[in-house]
Amino acid sequence: MQVKPTEKYRGRDARKCRICGNSRALIRAHNLYICRRCFREVARNIGFKKYG
Ligand SMILES: [Zn+2]
């Protein structure tokens, strides 16, 4: 039985921004899963004012 470990984290479970797809500076707090840049814009929409 062959196993491909490289495909372990592929698919919808990938850890990257849901908005722009960037995987850098990802914020997982509150199940947001968005990058820091997009978080600033989204935070305003959801009323999250404790950032910046
Ligand atoms: Zn983003």
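An account of the accompanying structure is given in this report. Note that the structure is predicted; figures quoted are calculated from it, not measured.

The next subject is the coordination of the zinc ion. Each protein donor to the zinc ion is listed here as Cys17 (SG), Cys20 (SG), Cys35 (SG) and Cys38 (SG); together their distances run 2.3 Å. If you look at the zinc ion, its four donor atoms make angles of 104 to 118° with each other, and the shape they trace is tetrahedral. Counting gaps between the donor residues of the zinc ion yields the pattern C-x2-C-x14-C-x2-C. Both residues of the pair, Cys35 and Cys38, count as buried.

Let us look at unusual backbone geometry. For Ala25, which is not glycine, the phi dihedral falls at a positive 55°. Look at Ala25 and you get partly exposed, because its relative accessible area is 49%. The backbone of Tyr33 shows a phi angle near 55°, a positive value even though the residue is not glycine. Within the secondary structure, Tyr33 is located in the loop between β1 (26–27) and β2 (34–35).

Cut-offs and rules
Residues numbered from 1 in each chain as written. Predicted model: local features only at pLDDT ≥ 70, side-chain atom pairs only at ≥ 80, totals over all residues. Heavy atoms only, no water. Donors = N, O, S within 2.8 Å, 3.2 Å for Na, K, Ca; no water. Tetrahedral: all angles 85-135°; square planar, octahedral: opposite > 155°, others 65-115°. Buried < 20%, exposed > 50% of the residue type's maximum accessible area, 1.4 Å probe, protein only. Helix = DSSP H or I, 4+ residues; strand = E, 2+ residues; numbered from the N terminus.

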